[in-house]
Each structure stands twice: as structure tokens, then as C-alpha cells.
Amino acid sequence: GYRPNLMARALVEGKPSTIALIVSSIANPFYPEFALEVERAARKLGYFLLVCNTNDDPAQERAYLDAVGGSLAQGVIVMNADFVQIDALLALRRRGVPVVLCMWERPQAPPELPCVAVDFHQAGVLAAEHLIKLGHQRIGAIVGSEASGNHRWRYQGFRDTLAKAGIEFHDTQVRFGHDSIDDGRNAAHSLLAAVPDLSAVFVSNDLPAFGVLQAAADLGLEVPRDLSVTGITDIQLAHQLRPALTTVAVPTAEAAGLAVDMLMGLIAHPQDALPPLAVTAAPRLVVRAT
């Protein structure tokens, strides 16, 4: 019945048997799904996963980085978010703590950190191309971040595609906010009241897209007959809810595996010059009922 004391083992070996994952909001279904994939990859290598939830608070992120870096965890995976503090992560790396930034949204401009990137600009392109192929000319946009925030590359991909197709788009046709169902619903009510002739809405993430579906129901609009809706990410709820959400899927499991592999490489060979960037497979359109 003997059970080893993991804290004692960490003291003797000089290293804990855990890695940390720092997420911005565990209430967002994407992060538990991602954490599950990280845990699977880590457990195969004999590591436990410590999940740190910052509640979108930069001060809490710094506190976690100070607490887990090199003591509670051998290395840290940090999820890219609006508030992620690159300077704090660079300082942690200079202290010798392995750090990987995951779900970076612009592979063409990586940070000065080992990171795993997804081409979210292309995700925006795919969503826009789908709406255009359906014949939509009056398309609105709801972005789950501020204009300069993390979702700006998804939105830029959408805008670039509309411009390439010669479709006019004005600032009145977009709302910026937060990545939540409630914000998506409120933004959709505002957008559709201001521009009632929209026939489709591009949404930069799945959660606010669910809010758009709620707003459409509030207004008596039938999806997709009266209003087409697309999201980005493809969390599990996207196919579980009705109507099932048309969205652009990103390779979550692949990104998690790449992040764990990169972190293990940094832990095993801290002096090696590892490639600073790993890019996942391209996003893909998943057409469902919206």
C-alpha cells in the first residue's frame, strides 16, 4: 500500500513531476477541452498537470507565474490571450524556467518565445469565403475581443476576403466585445438593430456565435433562412447544440501535443537552440446547420 510522497521526491530530485498550464478563464469551454488534451500528452510522459485559472486578471497571471515557475512545475504552458504579458514570460525564461506560449494567432510574427501558433487569419478567410459562396453580400461581424485584441487577425482575414471579393464593409457592420455568449447576444442585438438588412454574421469565436443564435431567436429570425452565422474554433458545444453551428475548426489536440513536446524539449535540453515556432495544420471549415 506504499504511496510515494511526490513533494519529497521533488525535493530529493530537485525537480517536480508536474507541468503547469495557465488559462485565462476556465469558464470558457475551450480551455477545459484544451487542458484535457495537454493532460493526455503529459501523462504519457509521466507528468501531472497543474491548471492555473487567471480569471482574465493580469495580476493573477503574474502571481501564478511567480508561484509555479521552477518550484511547483518544471515548465509552464501559457495560453495566448488578450492580456498575456510577454515581458513576464521572458523574465521567467531568463530565470531558467521553460516556457511555451500556445495558440499564438499570427505565425508570420512570432514572439521572442518558444510558441505554438495557429493561422487564425486563415480561419477568418475560410469563414468569409463560405458566406460569400452562399451568396451573402450584407455581412456583419462580431469580434470577441477589443479591436486591437487577440481576435484581430481572425477579423482581418474576414475583412481581407470581403475586400478581395469586392464586397463593401463599413464600420457600422462590426461590434467588438468579449468572448462570451452574453456579449455575443448583446452585440448581435445592437448590430441587427443598427443594420437590420444583414443576411449573415461572421463571429470570431464559437461562444459569441451561440449568443448570436440566441439573439436571432429573440428577434424571430430563423437560422439560416433569415440569418447565416459562422463561428471559429469548433468546441464540442458547436455540434451538440441545435441548430449545430457552422464553424472553422482549429487543431486543438495537435496544438496541445506540440506545446507539450516543445516544453519537454526545453526541460530536457535547456541550452539547445530549439525552433522558436511550431505551426499547426491549417484550420478547416465545418459546415453544419447555421
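Residues numbered from 1 in each chain as written. Predicted model: local features only at pLDDT ≥ 70, side-chain atom pairs only at ≥ 80, totals over all residues. Heavy atoms only, no water.

(A) Up close: the overall build of the protein. Check the secondary structure of the protein and you find 10 helices and 12 strands. Relative to a compact globule of 290 residues, whose C-alpha radius of gyration would be 19 Å, the protein shows 21 Å and is just as compact. With the principal axes as the frame, the protein shows a C-alpha extent of 65 × 40 × 30 Å. In the protein, buried positions account for 51% of the 290 residues. The contacts of the protein with a sequence gap of at least 6 include a subset with a gap of at least 24, amounting to 71%. (Helix = DSSP H or I, 4+ residues; strand = E, 2+ residues; numbered from the N terminus. Rg over C-alpha atoms; globule rule 2.2 N^0.38 Å. Buried < 20%, exposed > 50% of the residue type's maximum accessible area, 1.4 Å probe, protein only. Contact = heavy atoms within 4.5 Å.)

(B) Structural view of the packing of helix H5 (residues 120-133) against helix H6 (residues 152-164). Where H5 contacts H6, the axes come no closer than 7 Å and their chain directions differ by 40 degrees. When the interaxial angle is binned, H5 and H6 end up oblique. Helix-helix and strand crossings are classified by hand; for H5 and H6 the assignment is right-handed. Where H5 approaches H6, its residues Phe 120, His 121, Gly 124, Val 125, Ala 128, Glu 129 and Ile 132 are matched on the opposing element by Trp 153, Arg 154, Gln 156, Gly 157, Phe 158, Asp 160, Thr 161 and Leu 162. A per-class count over the contact of H5 with H6 returns seven nonpolar, five polar and three charged. (Axes fitted to C-alpha atoms, helices over the stretch in contact; angles between N-to-C directions. Parallel < 35°, antiparallel > 145°, perpendicular 65-115°, else oblique. Left-handed = near helix turned anticlockwise from the far one by under 90°. Nonpolar A, V, L, I, M, F, W, Y, C, P; charged D, E, K, R; others polar.)

(C) Up close: the layout of surface pockets. Considered as a void within the structure, the largest pocket measures approximately 550 Å³ in volume. Of the residues assigned to the lining of the largest pocket, the class counts are nine nonpolar, 13 polar and six charged. (1 Å grid on protein atoms, 1.4 Å probe; cavity = no way out; pocket = protein on both sides within 12 Å on 5 of 7 lines; lining within 4 Å. Points joined across faces, edges and corners; volume = space filled by probe spheres on them.)

(D) Here's a closer look at unusual backbone geometry. The amide bond that connects Val 223 to the next residue, Pro 224, takes the cis arrangement and shows omega of 5 degrees. At Asp 56, a residue that is not glycine, the phi angle is positive and equals roughly 60 degrees. In this fold, Asp 56 is placed in the loop between strand E2 (48-53) and helix H3 (58-68). You will see that Asp 234, though not glycine, has its phi angle at about 70 degrees, which is positive. Structurally, Asp 234 can be placed in the loop between strand E9 (228-233) and helix H9 (237-240).

(E) Region of the structure containing the packing of aromatic side chains. With the rule as written, the count across this model stands at seven aromatic pairs. Ring geometry for Tyr 155 and Phe 176: centres 5.5 Å apart, planes at 85 degrees, overall edge-to-face. On the criterion of sequence distance, the pair formed by Tyr 155 in helix H6 and Phe 176 in strand E7 (residues 174-176) is long-range, its members being 21 residues apart. Classification of Tyr 155 by relative accessible area gives buried; the value is 10%. Look at Phe 158 and Phe 202: their rings are 4.5 Å apart centre to centre, the planes differ by 5 degrees, and that puts the pair in the stacked class. (Phe/Tyr/Trp six-rings, centres within 6.5 Å; stacked < 30°, edge-to-face > 60°.)

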